[in-house]
Structures are given as structure tokens and as C-alpha cells.
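# A look at the structure
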Amino acid sequence: MKLLRRGGNPKYSGRPEDKMYGPGELLTYGTQHILTMYGGVIAPPLIVGGAAHLKPSDIALLVTAGLFISGLATLLQTLGIGPVGSRLPLVQGVSFASVSTMVAIASKDGLRPVFGAVIVAGIFGVIASTFFAKIVRFFPAVVTGSIITVIGASLMPTAFTWCMGGNSTAKDFGSPTNIGFAGLTLLIIVVISRMFQGAISRLSILIGMIVGTAIAAITGHTDFSGVSSAKIIAPPQILHFGSPTFQVGAIVSMVIVVLVIMTETTADILAVGEIVETKVDDKRVAAGLRADMAATTVAPLFGSFPASAFAQNVGLVALTGIKSRFAVAAGGGVLVVLGLLPVVGAVVAGIPLPVLGGAGIILFGSVTASGIRTLARVDYKDSLNMVIIAVAFGLGVIPIAMPTFWDKFPDWFGVIMGSGISAAAVSAVVLNLFFNEFKFGNKPGASVFSEREDRVAKFGESLEDDIPVSERVARRRPRHAGEGASESVDDGRAQSLRSLDT
């Protein structure tokens, strides 16, 4: 509670993210964040545990450890300790970016070299955080907008997979029933958002998932069998899987993964800063990266994996308008409790994936919308910014549209470019440097793309000019009841032309 009272510290007063709510609201908003990311935080332990050929009880320990570490990392990120923690509404969880590398290591040598590589890579990340954060000035709107848009787009396949049932080998994968539950959940969220205002509207995601799960339970499409077999209390065990081992190849691969994670976390920190409308400088980015990497370094001791900011929860902040870091901190506390009480986690795990998918469509779509809003602030006149966006988005979509595109390339290259978020970030930053920072040789009207947009605008102006003045004035007058439909069409056309003109 002492940490929560820091919101009253004059040092942090007046910032949108420092708004405090009552205990009930904090718990409710925080729980909504956890329900949003719960499926994502338990998936990596399940996948890696399966690759390491662990028995079900050990996989359950991996899941519990992931929840516990994610909760501690979220508290560290949102509340902060000294120079560690961005103090922004960011939820931390087990990173998806590290899964493929950990699977490759674990399938051959088990978990011990995975944990050793994660520890060394985490220490590297802590040391590199300050230097890495210096690149924040190279993330103007054209870069952040491109990255945020790709973040939303890259999350969509996850939402669609959940909508279809989550398991591609299941007989009901993609069935009308699964997709129907997803669509019903999405519809409930949209209706609540439209019909209600204030607190109820802000809880639309949580209400949608509760109602969707209730309907699924009534129709016999939920599985809560794990609740009866789950332990009531299971504190995390230190080094349950043995002491870590250190293999050079595994460490090098994991350091590359950590660089990707740091790139994605930087993008998420900047994205949530845009959404919250608060100042985010290189010091704040460095503090956020330190929290990320500190949690990553400690995670293997408890049997967990690299931590990262969760982009889907950035979308939830944008959608609900709840910008308080203390609400997210409450969610971190919920995660810690779930990590200590597996029976509670088993109840949450009973939420059907199609229900999560229906909520995911609007959550992840809102991230893309935030990116588009950021791109609207970009100056396209006499610049090559449209080229930057086109290339960054194109490269960022490759892993979504063609996942095997980089398979023939070296592993280190595939790790970087195989993540749409990191591919978009690297390309956007490099092109922004090349086009906007190094201005030698730049000329007005350099981009054929921006010139095309200018011609479209001028074409609209010429059409407007061809309309007689008397007719334009008449069309701008308020219409009276009983006027014909054709005039309404002309009015709309003139309005469109005027919007091009502005």
C-alpha cells in the first residue's frame, strides 16, 4: 500500500497514468487486464514444457511460475523501484518472441540450458538498457505509428486462432459453434460499448467474456475439470528443474531474442505513452527495459521464461480509457495470487478460447487503430515518410502472410525478421535515419507517392472550382424538409470535395 500511495507524491502529480481509483474499481479493472492476457501468458509454458517432454505436473509448475513472475514483473513495471520500472500501465508476461528458440533448445537438451541462456541474456539486457533507450529519439510518429499498426496486425492471427478453437488438430477447429461463440462475445462487447456509458462501458471486455463463458457453460462447451484436481496453494519452487547450465550456442541465440524483446517492449512503452498522452523520454524507456530484463534474469530461478510487455493490454488501455498504472498494478497482484493459488488459475483457464478470440478481435484491432491515429500526425508533404510506412508495414506483415518466408536464412536473421514487430521497428528506424535524419541531398517533392496524393487533392480542388459559385453557395445552405434525394447526393459530393480541400 505504501507503493500505491506514491500516486500522491508531487513528483508524479498531474500525470494521467497516476489517477487513483477505489479498491473495488482497481480490482475490477486489474482483473479485466488479466483475463485479457491470461491465455497468452500460459501458452509459452505449455508449448516449451511439451517440447521438453515434461510430465503434466511439471508443466503445471511452469504455468504457475509464469503467472507468478508475470505478476511480480507487472508490479515492478507499473510501480517502479528507483530507476527500474517505467511507471506506465503495462502488463508484463512471458514473451512469445522467445518460444521458438526455447523449443529448439529444450527439445534437444531439456530446460536447464534454456534457463542458463535466459539468465545470461537477461543480465546483458539490464546492462544494455540505458544505451538501447537512447534510440528513443529515432522513434518519431512515422516510426511509432508504423510499429503500433503492425503490432495490432501481428496479433490478429492469434485472435482468429482462438476464435476457431485454439487447437488446429481438434475436430471442432473452425466449427460454426466456436466461431459463433467468438462472434457472440464480440457482439456483446460492441452492444455494451454502444448502449452504456461510463463504468459499464469501460468494463465491456470483462462483461463480454463473462457472459460469453456463461452461455458456453450452459450449452456444454466449457471444461472446468481441471479445477477439481488443482491444488489450493502451491508456492513457487526455487530451481525445481535443477541448476541452470550454460551453453554458448544457446546463450548467443537467447541474446538475439532479448534484443528482439527489447525492441518490442520499447515499441509498447512508446505506444502506451501515446495512448495515455504522457511524456515518454529515453530515461523512462530505459527504466521500463530494466524492469523487463530484471524480471527476465530472475524468472529462471522460479522456473519461468523471458518477460515482456503485452501488446494486447496496450489495446485494452486504448479501448477502455483506463490509463491508471495502479489499475494495472492491481492486475499484477491478481497474477501473483493466481501463481500462488492454482485452483483459481484453473477456473480462469476454463474460459473457452473462442470467447477470448471474440474479445481479442476488438482488442487487437484497437491497437491498429491507435497506430493509424498516430500516422495521421505524420507530415507527408515534401518527404519520404510514405515510403517509410509502406516498407515497414510490408516487412512487418511478411511473418503474418507468409510465415516460412525467412526459413532459408540464418537463424539469427530469421529471429529478427521472423517477428513482424521487430522487422517493422528495424526497417522504420533505419529508413527514418536514411531519409529524415541524414538530409543531405533531400529535395522537395522527392516522393512520387506524396506527389500522387498532392495531385489527388488538387484534382478535388479543380472539381470544386468547376462548380458555379451560385450552385456551391446554394448547396452549402441548410436543406429544408421535403427537398429531393438528388440534392442530398449533390450535397454529399460537395462535402466530400470540401473535405479533400481541407
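Conventions used here
- Residues numbered from 1 in each chain as written.
- Predicted model: local features only at pLDDT ≥ 70, side-chain atom pairs only at ≥ 80, totals over all residues.
- Heavy atoms only, no water.
- Core = buried A, V, L, I, M, F, W, Y, C linked by side-chain atoms within 4.5 Å.
- Buried < 20%, exposed > 50% of the residue type's maximum accessible area, 1.4 Å probe, protein only.
- Helix = DSSP H or I, 4+ residues; strand = E, 2+ residues; numbered from the N terminus.
- Contact = heavy atoms within 4.5 Å.
- Axes fitted to C-alpha atoms, helices over the stretch in contact; angles between N-to-C directions.
- Parallel < 35°, antiparallel > 145°, perpendicular 65-115°, else oblique.
- Left-handed = near helix turned anticlockwise from the far one by under 90°.
- Nonpolar A, V, L, I, M, F, W, Y, C, P; charged D, E, K, R; others polar.
- Salt bridge = Lys/Arg side-chain N within 4 Å of Asp/Glu carboxyl O.
- Phe/Tyr/Trp six-rings, centres within 6.5 Å; stacked < 30°, edge-to-face > 60°.
- Polar contact = N/O pair within 3.5 Å; in protein donor to acceptor, adjacent residues only side chain to side chain.
- Expected span 1.5 Å × (residues − 1).
- Bend = angle between axes of the 7 residues up to and from the residue.
- pLDDT = per-residue confidence, 0-100.
- Patch = residues over 30% accessible without salt bridge, like charges linked within 9 Å, V, L, I, M, F, W, Y side chains within 5 Å.
- Areas by Shrake-Rupley, 256 points an atom, 1.4 Å probe, with all protein chains shown as cover.

For the rest of this paragraph, the subject is the nonpolar core. Residues Leu 67, Leu 111, Ile 147, Ile 151, Ile 205, Met 254 and Phe 305 are the most contacted members of the largest nonpolar core, which totals 105 residues. No other element matches the 15 residues that helix H10 (residues 248–276) contributes to this core. Once residues within four sequence positions are removed from consideration, Ile 151 is found in contact with Ala 267, Asp 268, Ala 311, Val 367 and Ile 421.

Turning next to the packing of H10 against helix H11 (residues 282–302). Contact geometry for H10 and H11: axes closest at 10 Å, N-to-C directions at 135°. On the basis of their axis angle, the class for H10 and H11 is oblique. Here H10 runs over H11; the crossing is right-handed. On H11, the residues that touch Val 258, Ile 261, Met 262, Thr 265, Thr 266, Ile 269 and Leu 270 of H10 are Val 285, Gly 288, Leu 289, Asp 292 and Met 293. Grouping the amino acids of the contact of H10 with H11 by side-chain chemistry returns 8 nonpolar, 3 polar and 1 charged.

Let us look at the pattern of salt bridges. Counted by the stated rule, this structure contains 4 salt bridges. One salt bridge connects Arg 377 with Glu 274, and the closest N-O pair in it is separated by 3.0 Å. Here Arg 377 is found in the loop between helix H15 (353–375) and helix H16 (385–401), whereas its partner Glu 274 is found in helix H10, with 103 residues between them in sequence. What makes Arg 377 exposed here is its relative accessible area of 51%. Salt-bridge contacts for Lys 323 lead to Glu 277; the nearest nitrogen and oxygen are separated by 3.9 Å. Here Lys 323, found in the loop between helix H12 (311–320) and helix H13 (325–340), pairs with Glu 277, found in the loop between H10 and H11; they are 46 residues apart in sequence, far enough to count as distant. Of the residues examined, Lys 323 reaches a relative accessible area of 23% and is grouped as partly exposed.

Contact pair helix H5 (residues 141–164) / H10: the axes reach a minimum separation of 10 Å and the direction vectors enclose 100°. Taken together, H5 and H10 sit at an angle that is classed as roughly perpendicular. Contacts from Thr 144, Ile 147, Ile 148 and Ile 151 in H5 reach Ala 267, Asp 268, Leu 270, Ala 271 and Glu 274 in H10.

Applying the stated criterion across every chain, the model contains 9 aromatic pairs. Note on Phe 115 and Phe 305: the rings are 5.7 Å apart at their centroids and 20° apart in plane angle, and the pair reads as stacked. A residue pair is termed long-range when its members are at least 10 positions apart, and Phe 115 in helix H4 (residues 112–133) and Phe 305 in the loop between H11 and strand E2 (307–309) qualify at 190 residues. In this structure Phe 115 comes out as buried when scored by relative accessible area, which is 2%. Centre to centre, the rings of Phe 409 and Phe 413 are 5.3 Å apart; their planes meet at 25°, and the pair counts as stacked. Residue classification places Phe 409 among the partly exposed positions, given a relative accessible area of 39%. When its relative accessible area of 22% is taken as the criterion, Phe 413 is described as partly exposed.

The subject of this paragraph is the side chain of Asn 385. Within the fold, Asn 385 resides in helix H16. For Asn 385, the side chain forms a polar contact with the main-chain oxygen of Asp 379, separated by 2.7 Å. Setting aside residues no more than four positions away along its own chain, Asn 385 makes contact with Val 142, Val 378, Asp 379, Tyr 380 and Asn 436.

As a further point, take H4. The end-to-end C-alpha separation of H4 is 31 Å, in line with the 32 Å expected for 22 residues at 1.5 Å each. Its maximal kink placed at Ile 127, H4 deviates by approximately 45°.

Its 24 residues place the ends of H5 35 Å apart at the C-alpha level, agreeing with the 34 Å of an ideal helix rising 1.5 Å per residue. The largest bend along H5 measures about 25° and falls at Met 156, with the proline Pro 157 one to four residues further on. Phi for Gly 165, located one or two positions after H5, is positive at around 125°.

The next subject is the confidence of the model for the protein. When pLDDT is averaged along the protein, the result is 78, and 81% of the positions lie at 70 or above. pLDDT under 50 marks residues 1–8. Its contacts with residues more than four places away, or in other chains, come to 11 contacts. A low-confidence stretch, residues 459–464 stays under pLDDT 50, and its non-local contacts, those more than four residues away or across chains, total 9 contacts.

Within the secondary structure, Lys 279 sits in the loop between H10 and H11. The class for Lys 279 is exposed, based on a relative accessible area of 64%. Between the C-alpha atom of Lys 279 and that of Arg 15, which follows or precedes it by 264 residues, the distance is 8.8 Å.

The subject of this paragraph is the side chain of Ser 129. Considering the arrangement of structural elements, one finds Ser 129 in helix H4. With residues near it in sequence (within four places) discarded, Ser 129 still touches Met 262, Ala 286, Leu 289, Arg 290 and Met 293.

A few words on a nonpolar patch on the surface. A cluster of nonpolar residues, Leu 187, Val 191, Met 195, Phe 196 and Ile 200, forms a patch on the protein surface that exposes about 480 Å² of accessible area. Top element by residues in the nonpolar patch is helix H6 (residues 176–195). It accounts for 3 residues. Examined against the element boundaries, Ile 200 turns out to sit in helix H7 (residues 199–202).

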